[in-house]
Amino acid sequence: MYDVIIIGSGPAGLTAAIYTTRANLKTLVIAGGKWGGQLMLTTEVDNFPGFPEGIQGPDLMQNMRKQAERFGAEFVDEDFDGGDFSPSAHSTGSGQAGSGQAGKSFKVKAAGKDYSGKSIIIATGADTKWLDVSGEKEKIGRGVSSCAPCDAFFFKNKKVIVVGGGDSAMEEAIVLANFAESVTVIYRGEILRASQIMQNKAKKNPKIKFIFNTVVTKVLGEEKVTGVELKNNKTNEISKMDIDGVFVAIGHIPNSMKFKGIDLDEKGYIKVQDHTRTNIDGVFVAGDVHDSYYRQAVTAAGFGCAAALEADSYLRGQE
């Protein structure tokens, strides 16, 4: 029986594990077959506090894991297969600390094995919706990105494109325009989906241009991005554009579908009550699986800290 089971091993999950173990809570991390979250796909991270010279994404995650293991966190490097979090099975569902029935536990499954915990922290993150075109996957972190606040600095005085037509695409373009020589927004439709205020901001920026009715069909380059192949979806005309970076902003998919009984919003993100609590007493959430706005490693880590403190408070209230 674990005091806390943390599902997920990105910055949110690993930070939570550091805090729960230091609070002397027996902690299990269901890390996943590919542990570490999206930072495992990132090269240099320059905006995580404490690393003035920057750090490689995988190195940062390895350091976090070692720190959690140092304090006693146990890891299962297998994918979470499911669990029953329904309020009728495990709590009164009031959402307040101390209101659950003492002695109740949650059961989760990974790789065919069952694990029991007195509380749960969900930190499964969200996956970027990629374009799924030739040359893209190999160049993630080598010119292909999904986070302008993370990577814009590396494209100073370079030419980049942003793929997408919503608010997030406009935000990416505006951030990139502070560094890049030029930013071209590539959108498959004729009319942007972004709010009018975001469209106006982007269109007023002299560095930002737009190409409509067009999709990216291939990312070009050997070791890094050197260009893209484009297709006009009205004329079927194929063209090439020389650029240095591709920023994909067509959305994210929160990893929330396996959590039976947990309330989700219309986009599939876990609903948060009172900071880090879910609708089920004893189940907490941290990071990109509920945060569709910031999506930064440092904010995910902060949410992980908060969820761990809330879980500790909850468990003390059960005693």
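S.K.: Quick question: what am I supposed to make of helix α2 (residues 57-70) here?
M.R.: The α-helix advances 3.6 residues per turn, and as a result positions three or four apart in sequence lie on the same side. Helix length check: α2 (14 residues) gives 20 Å between terminal C-alpha atoms against 20 Å at 1.5 Å per residue, within 8%. In this structure, the buried side of α2 is in contact with α1 (11-22), β3 (44-45), β4 (55-56) and β5 (74-76). One or two steps after α2, the chain reaches Gly72, where phi turns positive at roughly 110°.

S.K.: Before we go on, may I ask you to explain the state of the cysteines in this structure?
M.R.: Think of a disulfide as a covalent bridge from one cysteine sulfur atom to another cysteine sulfur atom. On inspection of all chains with the given rule, the structure shows one disulfide. Across the disulfide, Cys147 is cross-linked to Cys150 (sulfur-sulfur distance 2.1 Å). On the sign convention where negative means left-handed, the S-S torsion of about 70° between Cys147 and Cys150 marks this disulfide as right-handed. Look at Cys150 and you get partly exposed, because its relative accessible area is 25%.

S.K.: Looking at this model, I keep getting lost on unusual backbone geometry. Mind explaining?
M.R.: Residues other than glycine predominantly adopt negative phi, and peptide bonds predominantly adopt the trans conformation. Phi is positive for Asp132, which is not a glycine, with a value near 60°. With respect to the element layout, Asp132 can be found in the loop between β9 (126-128) and β10 (144-145). Judged by relative accessible area, which is 74%, Asp132 ranks as exposed. The phi dihedral of His275 falls on the positive side, at around 80°, and the residue is not glycine.

S.K.: Is there a simple way to think about the sheet that holds strand β17 (residues 245-248) in this case?
M.R.: One key point about sheets: their strands pair by backbone hydrogen bonds, in either a parallel or an antiparallel sense. With parallel pairing, five strands are arranged side by side in an open sheet as β10-β17-β11-β12-β13. With one partner strand each, in any of the chains shown, β10 and β13 (208-211) form the two edges of the open sheet. Across four bridges, strand β11 (residues 159-163) lies against β17 in parallel orientation. Within β17, the residue paired with Val162 across the bridge is Phe247.

S.K.: Explain the packing of aromatic side chains here, please?
M.R.: Each aromatic ring pair is described using two quantities: the centre-to-centre distance and the angle formed by the ring planes. For the structure on display, the rule yields eight aromatic pairs. Taking the centre distance of 5.0 Å and the plane angle of 15° together, the rings of Phe80 and Phe259 count as stacked. Here Phe80, found in strand β6 (residues 80-84), pairs with Phe259, found in strand β19 (residues 259-260); they are 179 residues apart in sequence, far enough to count as distant. Across this residue pair, the class does not change: Phe80 and Phe259 are buried. Centroid distance Phe155 to Phe247: 5.2 Å. Interplanar angle 75°. Geometry classified as edge-to-face. Here Phe155, found in the loop between α4 (148-151) and β11, pairs with Phe247, found in strand β17; they are 92 residues apart in sequence, far enough to count as distant. Like Phe155, the residue Phe247 is buried in the burial classification. Among the aromatic side chains, those forming a connected cluster through ring pairs are Phe153, Phe154 and Phe179.

S.K.: Would you mind going over the nonpolar core with me for this structure?
M.R.: Here is a general trend for soluble globular proteins: nonpolar side chains tend to be buried in one another's company. Core analysis: the biggest nonpolar cluster contains 33 residues, and Ile6, Phe48, Phe75 and Ile121 have the highest contact counts within it. At the level of elements, β1 (2-7), α1, α2 and α7 (297-318) are the ones that each hand at least two residues to this core. No other element matches α7, which puts eight residues into this core. With sequence-adjacent residues up to four places away left out, Ile6 is seen in contact with Gly13, Ala16, Ala17, Thr20, Thr27, Leu28, Val29, Ile30 and Ile121.

S.K.: When you look at the confidence of the model for the chain in this model, what are you seeing that I'm missing?
M.R.: Parts of the model with low pLDDT should not have their predicted coordinates read in detail. Residues with a pLDDT of 70 or more make up 94% of the chain, whose mean pLDDT is 91. Taken together, the stretch residues 88-101 has pLDDT below 50 and engages in 29 contacts with residues farther than four places along the chain or on a different chain.

Rules of the game
Residues numbered from 1 in each chain as written. Predicted model: local features only at pLDDT ≥ 70, side-chain atom pairs only at ≥ 80, totals over all residues. Heavy atoms only, no water. Helix = DSSP H or I, 4+ residues; strand = E, 2+ residues; numbered from the N terminus. Expected span 1.5 Å × (residues − 1). Contact = heavy atoms within 4.5 Å. Disulfide = S-S within 2.5 Å. Buried < 20%, exposed > 50% of the residue type's maximum accessible area, 1.4 Å probe, protein only. Pairing = 2+ DSSP bridges. Phe/Tyr/Trp six-rings, centres within 6.5 Å; stacked < 30°, edge-to-face > 60°. Core = buried A, V, L, I, M, F, W, Y, C linked by side-chain atoms within 4.5 Å. pLDDT = per-residue confidence, 0-100.

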